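Examination of the molecular architecture
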Amino acid sequence: MLREGNDKMMCAPTPGGRARAGRWLAASGALAAALIAVAGCTTDGTPRSTQVAAVSSAAEPSVDLAALDTGAYPTAPRPEFGKATTDNILQVEGQRMAQFIVVPFEIDADLTKSGLPTMVITGKSNLRLVLSPEVANVPANEKMLGGYVSTAATPDESLRAGQRRSLNNLVVRYLTAGDATAAAQQMADAAAKSAGTRPSTLPGLPDTLVVRGTSGGNRQIMAFTPHQTYVLYQWYETTPTQQDRLEPTIRKALQLQTPLIDQFPATPTKAEAAARGVSGSSAPQIDQDHVLIYALPYSDEELKDAKVNVPGGSVRAVYGPRGMAHTSTDPVTDYNVLTETGSTANAVERSTVYRAETAEGGQKIVDAFLASNRNQGWSDIDSPAGLPVANCQSKTQFFWCIVRDGRYVASVSSSSEQDVHQQISAQYVILTKADQQAE
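Residues numbered from 1 in each chain as written. Predicted model: local features only at pLDDT ≥ 70, side-chain atom pairs only at ≥ 80, totals over all residues. Heavy atoms only, no water.

Structural notes on the packing of helix α14 (residues 331-340) against helix α15 (residues 359-375)
Geometry of a packed helix pair, given as the angle between the helix axes and the separation of the axes. Heads up, the rule is: Note on geometry: axes are C-alpha line fits, over the in-contact stretch for helices, and angles between N-to-C directions span 0 to 180 degrees. Numbering goes from the N terminus for both helices and strands, where a helix is a DSSP run of H or I of at least four residues and a strand is a run of E of at least two. Note on terminology: angles under 35 degrees are roughly parallel, angles over 145 are roughly antiparallel, angles of 65 to 115 are roughly perpendicular, and the others are oblique. Whether two residues touch is decided by their heavy atoms; if any such pair falls within 4.5 Å, the residues are in contact. Only Asp, Glu, Lys and Arg are considered charged in this grouping, and only Ala, Val, Leu, Ile, Met, Phe, Trp, Tyr, Cys and Pro are considered nonpolar; every other residue, Gly among them, is considered polar.
Across the interface, α14 lies against α15 with an axial gap of 10 Å and an inter-helix angle of 170 degrees. The orientation of α14 relative to α15 falls into the category roughly antiparallel. Two secondary-structure elements touch here, α14 through Thr333, Asp334, Val337, Leu338 and Glu340 and α15 through Lys364, Ile365, Ala368, Phe369 and Ser372. Looking at side-chain class alone, the contact of α14 with α15 contains 5 nonpolar, 2 polar and 3 charged residues.

Pasting the structure below:
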């Protein structure tokens, strides 16, 4: 058996949001300290001008902001977040990496049901949610910096038809290329010791360490590929009648993932920066694109209180189109529309905020998400009082609203209709103060 209990871990994201990533675990202080920042280019965000506001709201219903019921939610953007610290740099780095992790549907077009584990990897503690403890705990993983894993399966109807398939796609970064090579070998060796498994190969891919096995009658394959300072890992499972897909799927995954991770602008470690002669470096800016400041926030108390039902997704995070697609209930639609409209930085907290290149692009996001939800059984319901520009939907006693102002789009969700109306009303007020000229 390659990964006992994998099917039990597969589940759909929280129904209230289109994109929810895995909950973060605490970062390792020692490894976090190994990362330093080279400050990236940012665009300062300032409230939009009256002229821009007038243009973006032309031909739309007028809204009396003062009359909106915003409940106890804030109605102003937050201050800038500043630079990452040793407490959160691995989370920030993993969020950035998510854009450079191939979404499972890009590998197998039928893998559209996002599942768990899909999350930032911050250490062996949550790597054990992807790999068995024996594999995750190999000595070389002490040199792991972090990574990201995406999981998806075929839709439920494929299970009923006996055609289920599922995939993990994981990339883990190490301190050095030698550490990555050692980790790949040690993890493959440990995986091959599990009952029902055997080491194998993929012809033409001598650097890829392969382990094959069975579980519950299904066929499984694991592949560990060291690549520079990374280990690329794929786990793929099919029914016996589909086992001819195993090798081609792993090959395609590697063909896509290898060049994509090469594009990742990883924050250099202290040793890497010194070797490049980099001086005056600092930790990376959190929210360097100035979009998270416009998301409706959770309070610090809510984030610390385990009793509060914070959705099972990342908070205070910014993702590109792939990062959003990894945990979406409709990953193909989300990836395509966000890419097409240039929404390259998308904020996730209590609300999700998107920023298209144009107002027309923003409306395209709204229309695509509403249509996608309707296809998934959501029904249109009334907008909040005084906010006709918002669209709301419901499904199985859950509520979701979306609103646009200029280039910005935001969505919120709740199990209470009154609460979702207050959230979207407060969020709209925040968007009216957003910088429509941001790049």
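Examining the pattern of salt bridges
Basically, it comes down to this: Think of a salt bridge as a Lys or Arg side-chain nitrogen and an Asp or Glu carboxyl oxygen that are within 4 Å of each other. Relative accessibility thresholds used throughout: buried, under 20% of the residue-type maximum; exposed, over 50%; partly exposed, between the two (1.4 Å probe, protein chains only).
According to the stated counting rule, one finds 14 salt bridges in the structure shown. A salt bridge links Arg78 to Glu349, with the nearest nitrogen and oxygen atoms 3.0 Å apart. Within this pair, whereas Arg78 is found in the loop between α3 (50-56) and α4 (89-97), its partner Glu349 is found in the loop between β9 (346-348) and β10 (352-355), the two being separated by 271 residues in sequence. Taken individually, Arg78 and Glu349 each receive the classification buried, so the pair is uniform in this respect. Among the ionic pairs, Glu272 bridges to Arg173, the shortest N-O distance being 3.0 Å. Taken together, the positions of Glu272 in helix α11 (residues 270-275) and Arg173 in strand β3 (residues 165-174) put the pair 99 residues apart, joining distant regions of the chain. The same class applies to Glu272 and to Arg173, which are both buried. Overlapping salt bridges bring together Glu93, Arg96, Arg173 and Glu272 as one network.

A few points about the state of the cysteines
When the sulfur atoms of two cysteines share a covalent bond, that bond is a disulfide. Under the convention used in this document: A pair of cysteine sulfur atoms is labelled a disulfide when the two atoms are within 2.5 Å.
Inspection of every chain in the model, using the stated rule, returns 1 disulfide. The side chain of Cys392 participates in a disulfide bridge whose partner is Cys401; the two sulfur atoms lie 2.0 Å from each other. Handedness here is read from the sign of the S-S torsion; for Cys392 and Cys401, about 105 degrees, the answer is right-handed. Note on accessibility: Cys392 and Cys401 belong to one class, buried.

Topic: helix α10 (residues 246-262)
Quick note on the threshold: Expected helix span is computed as 1.5 Å times (number of residues minus one).
End to end, α10 covers 25 Å across 17 residues, agreeing with the expected 24 Å (1.5 Å per residue, within 8%). At its buried positions, α10 is contacted by α4, α5 (104-107), β3, β6 (218-227), β7 (230-238) and α13 (321-325).

Section: the sheet that holds strand β5 (residues 209-215)
We apply this condition: Strands are labelled as partners when DSSP assigns at least two bridges between them.
Pairing is antiparallel across the open sheet formed by 7 strands, whose spatial order is β1-β2-β3-β7-β6-β5-β4. The open sheet is flanked by β1 (113-121) and β4 (197-200), the only strands paired with a single partner. For this sheet the average axis-to-axis angle between neighbouring strands, irrespective of direction, equals 15 degrees. Sheet topology note: the β3/β7 ladder contains 9 bridges and is antiparallel. Residue pairing for β7: Asn168 is matched across the bridge by Trp235. Across the sheet, α10 is in contact with β3, β5, β6 and β7; its angle to β7 comes to roughly 150 degrees.

Description of the sheet that holds strand β12 (residues 391-395)
With antiparallel pairing, the 7 strands of this open sheet are ordered in space as β8-β9-β10-β14-β13-β12-β11. Whereas interior strands pair on both sides, the edge strands pair on one side only; in this sheet they are β8 (317-319) and β11 (379-381). Mean inter-strand twist for the sheet, computed between neighbouring axes without regard to direction, equals 25 degrees. As judged from the 4 bridges shared by β10 and strand β14 (residues 408-414), these two strands associate in the antiparallel manner. The residue bridging Val353 from the neighbouring strand is Ala410, located in β14.

As for the pairing of β3
Buried residues dominate β3, accounting for 10 of its 10 residues. Here strand β2 (residues 144-153) runs beside β3; their pairing, made up of 9 bridges, is antiparallel. Bridge assignment links Gly147 to a residue of β3, and that residue is Val172.

Comments concerning the side chain of Thr208
Worth spelling out the cut-off: Pairs of N or O atoms within 3.5 Å make up the polar contacts considered here, provided that, within protein, one atom can donate a hydrogen while the other can accept it, and that residues adjacent in sequence are counted only when both atoms are side-chain atoms.
Mapped onto the fold, Thr208 is located in the loop between β4 and β5. According to the relative accessible area criterion, Thr208 is buried, its value standing at 6%. Side-chain polar atoms of Thr208 contact the side chain of Thr225, separated by 2.8 Å. Other than its neighbours up to four places away in sequence, Thr208 contacts Leu202, Ala223, Phe224, Thr225 and Leu254.

Some details on the environment of Thr333
Relative to the helices and strands, Thr333 is located in helix α14. Given a relative accessible area of 23%, Thr333 falls into the partly exposed group. With 35 residues separating them in the primary sequence, Thr333 and Ala368 have C-alpha atoms 7.3 Å apart.

Some words on the nonpolar core
As a reminder, the rule being used: Here, the term nonpolar core denotes a set of buried Ala, Val, Leu, Ile, Met, Phe, Trp, Tyr and Cys residues that are joined through side-chain atoms within 4.5 Å.
Counting 45 residues, the largest nonpolar core has Met97, Tyr230, Ile261, Ile365 and Phe369 as its most contacted members. Among the elements that line this core, the one with the most residues is α10, at 6 residues. In this structure, Val353, Val389, Val403 and Tyr428 belong to the second largest nonpolar core, which totals 32 residues.

Nothing here speaks to function; it is all geometry.
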